[in-house]
Amino acid sequence: MTFITRFAPSPTGPLHLGHAYSAMLAHDMATAAGGTFLLRIDDLDKSRARAQWEEQIYDDLAWLGLTWETPVRRQSDHFADYDKVLQKLSKLGLTYACTCTRRDIETAANAPQEGVPEFGPDGRIYPGTCCNARHALSKAKCIRLNMRAACEHAMPASFEEGGPDQHGKHALDVETMVSTIGDVVLARPNMAASYHLSVVVDDAATGVTDVVRGADLFGATSIHVVLQKLLGLRTPHYHHHKLIRDDTGKRLAKRDDARAISKYRADGASPADIRAMAGL
Ligand code: GLU
Ligand code: ZN
């Protein structure tokens, strides 16, 4: 059985201890399984991606002792692939043009019902205003997935979680998907694909069998599984790992430059020190 995993950072800032943990864990798992470790550059958001950060990613990971297959896949080279997949979903009648501004969505969602969540893994749950409006594509602020229709098409669907927290098989349920996630964004005029659409296309295109990533993305996994089913792609195994937190218990973010790998390097830390700090 082959094992192919990947580390997929966005080049929008320095890698910190949390990234190093994720990359080293995925690399260790690939090594242990006699498998393959891939590096992918998630530079979908061209307004935030910088060549300087991409260079720093290569530099930091090499310093940590990681090796990866080349050429490295970069999302910005695959906008046409995402578009093709979007067309496919649209031909299935599962997408629609949404003209809502952020303000519109907040106003429509203003009368939250008791027991109904306001936010999902994709931010504020869209109230569905434009679902049957048949807006022209030219007017769209974004393209959304009709989650109910998509789920009905995709079911039955499930995924296997190998990580420590939610270990086991997770079967997806239509009503839960609709009420806790809703009609997620698939693309915007200035962005060829949302994170959800691109990650599904990229993982399949590179033959990823095992996705190793932070627990913060566990909630988005069911979105990815629905898209995989709709597109006839195999669902990989998932392994969501603990998040590295700062002393106050907050999850590390890109702006936590104090924990940047480059900063530790400059201060004289060794790759073994980084491993120990990450708890590997
Ligand atoms: N580029 C995404 C991130 O930085 C990758 C997420 C994933 O591994 O699916 O969070
Ligand atoms: Zn709308």
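Everything below is about the structure printed above this text.
Here is a short report on the structure shown in this document. Since we're looking at a predicted model, the values are computed, not measured.

Cut-offs applied
Residues numbered from 1 in each chain as written. Chains lettered and ligands numbered in written order. Predicted model: local features only at pLDDT ≥ 70, side-chain atom pairs only at ≥ 80, totals over all residues. Heavy atoms only, no water. Donors = N, O, S within 2.8 Å, 3.2 Å for Na, K, Ca; no water. Tetrahedral: all angles 85-135°; square planar, octahedral: opposite > 155°, others 65-115°. Helix = DSSP H or I, 4+ residues; strand = E, 2+ residues; numbered from the N terminus. Disulfide = S-S within 2.5 Å. Pairing = 2+ DSSP bridges. Contact = heavy atoms within 4.5 Å. Axes fitted to C-alpha atoms, helices over the stretch in contact; angles between N-to-C directions. Core = buried A, V, L, I, M, F, W, Y, C linked by side-chain atoms within 4.5 Å. Buried < 20%, exposed > 50% of the residue type's maximum accessible area, 1.4 Å probe, protein only. Polar contact = N/O pair within 3.5 Å; in protein donor to acceptor, adjacent residues only side chain to side chain. Expected span 1.5 Å × (residues − 1). Arc of directions from axis to C-beta.

1. Description of the coordination of the zinc ion (ligand 2)
So, step 1. Every protein donor of the zinc ion (ligand 2) is listed here as Cys-98 (SG), Cys-100 (SG), Tyr-126 (OH) and Cys-130 (SG), and their distances to the metal cover 2.0 to 2.3 Å.
So, step 2. Between the four donor atoms coordinating the zinc ion (ligand 2), the angles at the centre fall across 98 to 126°, so the site counts as tetrahedral.
So, step 3. Positions of the donor residues of the zinc ion (ligand 2) along the chain correspond to the pattern C-x1-C-x25-Y-x3-C. Separated by 28 residues along the polypeptide, Cys-98 in strand E4 (residues 95–98) and Tyr-126 in the loop between strand E6 (123–124) and strand E7 (142–145) bring together distant segments of the chain.

2. Focus on the state of the cysteines
So, step 1. Per the counting criterion, the structure on display carries zero disulfides.
So, step 2. We note that Cys-131 lacks a disulfide partner, and the nearest cysteine sulfur, in Cys-130, lies 9.0 Å from it.

3. Focus on the sheet that holds strand E3 (residues 73–74)
So, step 1. Pairing within the open sheet is parallel, and its three strands lie in the order E1-E2-E3. Both edges of this open sheet fall to strand E1 (4–7) and E3, since each of them pairs with a single strand only.
So, step 2. Both strand E2 (residues 36–41) and E3 contribute to a ladder of two bridges, which runs parallel. Paired with Arg-40 across the strands is Arg-73, a residue of E3.
So, step 3. Against the sheet, helix H1 (residues 17–32) engages E1 and E2, with an angle of about 165° to E1.

4. Overview of the nonpolar core
So, step 1. Leu-145, Leu-197, Val-226, Leu-227 and Leu-230 are the most contacted members of the largest nonpolar core, which has 41 residues in total.
So, step 2. Elements supplying a minimum of two residues to this core: helix H3 (79–91), E7, helix H5 (147–154), helix H6 (174–180), strand E10 (185–187), helix H7 (195–205) and helix H8 (221–231).
So, step 3. Discounting residues that sit within four places of it in the chain, Leu-145 has contacts with Leu-94, Tyr-96, Ala-150, Asp-183, Val-184, Leu-186, Leu-227 and Leu-230.
So, step 4. One finds Tyr-21, Ile-41, Leu-64 and Ala-278 within the second-largest nonpolar core, a separate group that totals 26 residues.

5. Some details on the side chain of Ser-194
So, step 1. By the secondary structure assignment, Ser-194 is in the loop between E10 and H7.
So, step 2. What makes Ser-194 buried here is its relative accessible area of 10%.
So, step 3. Separated by 2.8 Å, the side chain of Ser-194 and the backbone oxygen of Val-185 make a polar contact.
So, step 4. Apart from the residues lying within four places of it in its own chain, the contact partners of Ser-194 are Leu-44, Val-185, Leu-186 and Ala-187.

6. So, H3
In an α-helix there are 3.6 residues to a turn, and that puts residues three or four apart on one side.
So, step 1. Taking 1.5 Å of rise per residue, 13 residues should cover 18 Å, and H3 covers 19 Å from first to last C-alpha, within 8% of that figure.
So, step 2. Every buried residue belonging to H3 is among Tyr-82, Val-85, Leu-86 and Leu-89, and all of these are buried. Within H3, the buried residues cover an arc of 105° as seen down the axis, which keeps them to one side. For H3, the exposed residues lying more than 90 degrees away from the buried face are Ala-80, Lys-84 and Lys-91.
So, step 3. Buried residues along H3 sit against E4, E7, E10, H7 and H8.
So, step 4. Just downstream of H3, Gly-93 is the residue with a positive phi angle, here 75°.

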